[in-house]
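Given next are the chains, with one letter for each unit.
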Amino acid sequence: IGFSRQEYGGGCHFLIQGILPSQGLNPKLSLSAWPSPVVPLGQTVTLQCHSHSPLKRFRLFKTDGKRRLSELQGHHFNNFTLGPVTGEHAGSYTCSEAYWSAPSDPLEIVVSGVFQKPSISAHPGPLVQQGQNVTLRCHSLVMFDKFILHHENSTGHFQRRGEMLTGGYAPADFSIGPMTLASAGTYRCYGSLRRSPYEWSAPSDPVDIMITGLSKKPSLSAQRGPMVRSGENVTLVCSSESAFDQFHLLREGVNLGRHLAGGQSPRRALQAEFPLGPGTPAHSGVYRCYGSFTCSPYSWSNSSDPLFLSVTGEQPLPGPCFVVPVQTLCCPTLCHPEACSTTDSSVLHYLLHMDHSLVVVKGPSYLSEAMSQSCRVTQA
């Protein structure tokens, strides 16, 4: 409230001036939801009305997109808890401090779990180099009208990343990138129908998108060597001279889990052991490992060089090299260039020399010539 002095005919009069809300005494309120505006069916959510001045009471309004704006009964102190929520709680909410104050901007409260969860996948994969793009695809057998993509960053905060209309069973492709630390994290998608925009499906299973290549690669080795007889215990060791506090092991791109760094190699490098148990032919494949820090869980190092592990039912052949049939093989850092042009499992073999170099040959008829210099001939 302000006072102004005005003089009329030698007298002095004071005029009391009131400052209207539009003049800044009562700035617009804001409404927030804790822990999230996306609330699973049957859970609770707390709505809080915020103001620059202390609030004693506020009024809460709701619309669900169908009915006109209505007031929830009663005056509420600072916050108001909804739930256990049903579809009836879904809608758009606003708050006001008094009957004459301007309402807050609307806050959408979404109830999830009303429909079956969709699926989410990353293409070409969940490991993305800095600056590259990744496509997240949401799809479902339910004929959703729209998919919504949510992103959880390293602080655990969820934010809506985007939404896309679909045509019936059509999937929705969300392009993420160029990849930065801010865009790495955990993603989920939801589906919704046009007739009930504030009621969503259950969230998809999460997909973790990692940014790689921001630190030097570790090294990966097998304690018993890359060729193991069936039944023998298999342990892979990932190590690095960088101060990583955890390592991740992948087989053919599938994440096998992480282990904390728990010791040092003879060269004083930090390392983690991954025991795979008694070896079986199913353990055969190409393995890679990555290093990371717990303070930055979505940032991984460059990939280690690939390690091809072979578990066979026979003792390895004596001599300076062994013959092993494989299904696919393309590791340019270890193979001769011509070895990377064929993946025919019926004819592809490779020779593992004692110096760990690889030579690929096509079929048993070529083995004799390829091995005549240093290896015993065998019909692999």
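About the criteria used
- Residue indices begin from 1 for each chain and proceed along its sequence in written order.
- Given that this is a predicted model, residues contribute local features only at a pLDDT of at least 70 and side-chain atom pairs are listed and counted only at 80 or more, while totals for whole chains, interfaces and linings are drawn from all residues.
- In computing side-chain properties, one takes all heavy atoms of the structure into account and sets aside hydrogens as well as water.
- Throughout this description, the term nonpolar core refers to a set of buried Ala, Val, Leu, Ile, Met, Phe, Trp, Tyr and Cys residues connected via side-chain atoms within 4.5 Å.
- Only protein chains enter the accessibility calculation, which uses a 1.4 Å probe; a residue is then buried when its area is under 20% of its type maximum, exposed when over 50%, and partly exposed in between.
- The helix and strand labels rest on DSSP assignments: H or I over at least four residues marks a helix, E over at least two residues marks a strand, and numbering proceeds from the N terminus.
- All domain edges in this entry derive from an automatic or database-based domain assignment.
- In this analysis, two residues are considered to be in contact whenever any of their non-hydrogen atoms come within 4.5 Å of each other.
- When DSSP finds two or more bridges between two strands, those strands count as paired.
- The axes are straight lines fitted to the C-alpha atoms, using for helices just the contacting stretch, and the angles between their N-to-C directions are given from 0 to 180°.

Labelled according to an unreviewed UniProt entry, the chain appears under the name Ig-like domain-containing protein, originating from Bos indicus x Bos taurus.

The subject of this paragraph is the nonpolar core. Core analysis: the largest hydrophobic core is formed by 25 residues, its most contacted members being Leu136, Leu149, Met179, Tyr187 and Ile209. With four residues, strand β19 (residues 207-212) is the largest single contributor of residues to this core. Composition of this core by domain shows at least three residues from each of domain 2 (116-212) and domain 3 (219-312). In this structure Ile209 touches Ala122, Pro126, Val128, Val134, Leu136, Met179, Ala184, Gly185, Tyr187 and Tyr298, once residues within four positions along its chain are discounted. Counting 18 residues, the second-largest nonpolar core is a separate cluster that includes Ala33, Val39, Leu82 and Val85.

Quick look at the pairing of strand β5 (residues 45-50) now. Alternating residues of β5 divide into Val45, Leu47 and Cys49, all buried, and Thr46, Gln48 and His50, none buried. Sheet topology note: the β5/strand β8 (residues 79-82) ladder contains four bridges and is antiparallel. Bridging from a neighbouring strand, Val45 pairs with Leu82 of β8.

Next up on the list: the sheet that holds strand β13 (residues 134-139). The strand order β11-β13-β16 describes an open sheet built from three strands, whose pairing is antiparallel. The two strands at the open ends of the sheet, each matched to only one other strand, are β11 (119-123) and β16 (172-176). Between one strand axis and the next, the sheet turns by 20° as a mean value, whatever way the strands run. Pairing analysis gives five bridges linking β13 to β16, with the strands arranged antiparallel. Looking at the pairing, Cys138 lines up with Ala172 of β16.

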